[in-house]
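One letter stands for each residue in the lines below.
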Protein chains: 2
Amino acid sequence: MKLDSQSNRFWKRIRSKVVLSDRWITVRADTCVTPENVTIEPYYVLEYPDWVHAVVTDKQGKILVVSQYRHAAERVCFELPGGNVEPGEDAEAAVRRELLEETGIKVADCWNVGVHYPNPATHNNKVSVFLAERPSLAGAAREDPSEQIAWQFLTLGEIQELITQGEFCQGLHIASLYLALRARQA
Amino acid sequence: MKLDSQSNRFWKRIRSKVVLSDRWITVRADTCVTPENVTIEPYYVLEYPDWVHAVVTDKQGKILVVSQYRHAAERVCFELPGGNVEPGEDAEAAVRRELLEETGIKVADCWNVGVHYPNPATHNNKVSVFLAERPSLAGAAREDPSEQIAWQFLTLGEIQELITQGEFCQGLHIASLYLALRARQA
């Protein structure tokens, strides 16, 4: 079978039930029917708000990297700044707000360079990726006991070394960095 | 605060309870205490087996791309072949098995080029990325009503165009492609 993106492969969703819902998680169980008339039940979907990532470069071309403890992997990870899009908020407003909250940095210029899916098999949300330039320190980062975030501007070579060492290790952030680097080359 | 990966930011996990467990999903609720002695409760962790992705190149340097319907995003996505590491299986055996099951292709050479985390905030698993060469068609792909998978070898330029168009759109697979491209350059 050759590659295609035809809609004739779509499943029909005939029933949905939220089986777990709390502040940070929503799990939906769907009953689906495939084009071959096979019933798939339950198919679990994790419902999340859309996410945003920022690739902020300073005038030397260094890129802003944050680090924080990530409990599911039980380790500290080096990442891009980013977070949730709040209800009623557009993605650019969200990325500017998250950047300010996490690092105290604001940016003069900010534009979208692509979108990807965290996991289209299990998650219903998207990640919007922004390139941002002309950063300045606008104040202190937000105090949040569940988010102790460090930050620093690093050269691309330093970040690539952190990727090789497995320290800049969150897959979605590696994807966003790649989209931003491709957009910067274009 | 400057970047660091010190263990003094680790949370202590003092209690765990599985709150949802079914064939395709396990949700664990942890009670944690931060280094500042703040209790975080519940913190949800999605438990998954480790995953594997394959970047298979043929002798023209084209790369194997698969496409399939992904129900959470309700769309067809272009991706790399891959899947779960089964209990007791090593990652290379898993990637060879998944490749054969999804496409009927076996490869002569296969080596690990890196590891990343699907989401270290919410998932407890890793993705191992393999570069593979000298592919040959070994038989038919597995018949699975929940996985109707098409495949094709594409040039890197064609894949980059699919990324720009938002068709090769699964973030974790974009990250794995980037790791493989970097390894191939090294």
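Residues numbered from 1 in each chain as written. Chains lettered and ligands numbered in written order. Predicted model: local features only at pLDDT ≥ 70, side-chain atom pairs only at ≥ 80, totals over all residues.

1. Brief notes about the overall build of chain A
Let me state the cut-off plainly: Helix and strand definitions follow DSSP, with helices as H or I runs of at least four residues and strands as E runs of at least two, each counted in order from the N terminus. Whether a residue is buried, exposed or partly exposed is read from the other C-beta atoms within 10 Å of its own C-beta, which are placed from the backbone; 20 or more gives buried, 12 or fewer gives exposed, and intermediate counts give partly exposed. The contact rule is simple: place each C-beta atom from the backbone, and if two of them lie within 7 Å, those residues are in contact.
When helices and strands are tallied, chain A shows 3 helices and 10 strands. Secondary structure elements in chain A, listed N-terminal to C-terminal, are β-β-β-β-β-β-β-α-β-β-β-α-α. Every one of the 186 residues in chain A was classed for burial, and the buried ones make up 42%. Residue pairs at least 24 apart in sequence account for 61% of intrachain contacts in chain A once pairs closer than 6 positions are excluded.

2. Describing the interface of chain A and chain B
The test is simple: Only Asp, Glu, Lys and Arg are considered charged, only Ala, Val, Leu, Ile, Met, Phe, Trp, Tyr, Cys and Pro nonpolar, and every remaining residue, Gly among them, polar.
Contact with chain A, which involves 62 residues of that partner, is made by 61 residues of chain B. Mapped by element, the contributors of at least two residues to the side of chain A that touches chain B are β1 (12-22), β2 (25-33), β3 (39-46), β5 (63-70), β6 (75-79), β8 (105-116), β10 (150-154) and α3 (171-185) of chain A. Considering each element in turn, the side of chain A that touches chain B owes the most residues, 6 residues, to α3 of chain A. Among the residues making up the side of chain A that touches chain B, the classes are represented as 37 nonpolar, 16 polar and 9 charged.

3. A word on the nonpolar core
What counts, and what does not: Put simply, a nonpolar core is buried Ala, Val, Leu, Ile, Met, Phe, Trp, Tyr and Cys residues tied into one set by C-beta atoms within 7 Å.
Ranked by size, the top nonpolar core spans 100 residues in total, and within it Ala 54, Val 55 and Val 56 of chain A together with Ala 54, Val 55 and Val 56 of chain B carry the most contacts. Beyond its immediate stretch of four places on either side in the chain, Val 55 of chain B contacts Ile 63, Leu 80, Val 129, Phe 130, Leu 131, Ala 132, Ser 176, Leu 177 and Ala 180 of chain B.

4. Points about the pairing of strand β1 (residues 12-22) of chain B
Residue and element names in this part refer to chain B. Our working definition: Should DSSP find at least two bridges between two strands, the strands are regarded as paired.
Little of β1 is tucked away: 0 of the 11 residues are buried. Inspection of the sheet shows β1 paired to strand β2 (residues 25-33) by 9 bridges, in the antiparallel sense. Residue pairing in the sheet places Lys 17 in a bridge with Ala 29 of β2.

5. Quick notes on the environment of Cys 32 of chain A
Tracing the chain through its elements places Cys 32 of chain A in strand β2. A count of 21 C-beta atoms within 10 Å places Cys 32 of chain A in the buried class.

6. Side note on the environment of Ile 163 of chain B
All names here are of chain B. Among the secondary structure elements, Ile 163 is positioned in helix α2 (residues 156-164). Each C-alpha atom, one on Ile 163 and one on Lys 12, is 40 Å from the other, the two residues being 151 residues apart in sequence. Among residues more than four places away in sequence, those in contact with Ile 163 are Phe 168 and Ile 174.

7. Some details on the packing of α3 of chain A against helix α3 (residues 171-185) of chain B
In a pair of packed helices, the angle between the axes and the distance between the axes together describe the arrangement. For clarity, the cut-off: Only the stretch in contact is used when a helix axis is fitted, and all axes are lines through C-alpha atoms; the angle between N-to-C directions ranges over 0 to 180 degrees. Working definition: roughly parallel below 35 degrees, roughly antiparallel above 145 degrees, roughly perpendicular at 65 to 115 degrees, and oblique for all remaining angles. Working rule for handedness: look at the near helix, and if it is turned counterclockwise from the far one by less than a right angle, call the crossing left-handed; if clockwise, right-handed.
Relative to each other, α3 of chain A and α3 of chain B sit at 70°, their axes nearing to 7 Å. By the angle class used here, α3 of chain A and α3 of chain B are roughly perpendicular. Regarding α3 of chain A and α3 of chain B, the two cross each other, and that crossing is left-handed. Contact residues: α3 of chain A offers Gly 171, Leu 172, Ile 174, Ala 175 and Tyr 178 of chain A, while α3 of chain B offers Gly 171, Leu 172, Ile 174, Ala 175 and Tyr 178 of chain B.

8. Some thoughts on the domain arrangement of chain A
The condition is simple: What counts as a domain boundary in this text is fixed by an automatic or database domain assignment.
When cut into domains, chain A gives domain 1 (8-46) and domain 2 (51-185). Between the C-alpha centres of domain 1 of chain A and domain 2 of chain A the distance comes to 30 Å.

9. Describing the pairing of β6 of chain A
All names here are of chain A. Counted residue by residue, β6 has 4 buried out of 5 residues, so it is predominantly covered. The pairing of β5 with β6 spans 5 bridges and is antiparallel. In the strand pairing of β6, Val 66 is matched with Glu 79.

10. Structural notes on unusual backbone geometry
Cis geometry marks the peptide bond from Glu 41 of chain A to Pro 42 of chain A; its omega dihedral reads -5°. Within the secondary structure, Pro 42 of chain A is located in strand β3. With a phi close to 55°, Arg 134 of chain A is a non-glycine residue in the positive phi region. Relative to the helices and strands, Arg 134 of chain A is located in strand β9 (residues 127-137). You can call Arg 134 of chain A partly exposed: it has 13 C-beta atoms within 10 Å. Look at Glu 74 of chain B: it is not a glycine, yet its phi comes out positive at around 55°. Structurally, Glu 74 of chain B is set in the loop between β5 (63-70) and β6 (75-79). A tally of 13 C-beta atoms within 10 Å means that Glu 74 of chain B is categorised as partly exposed.

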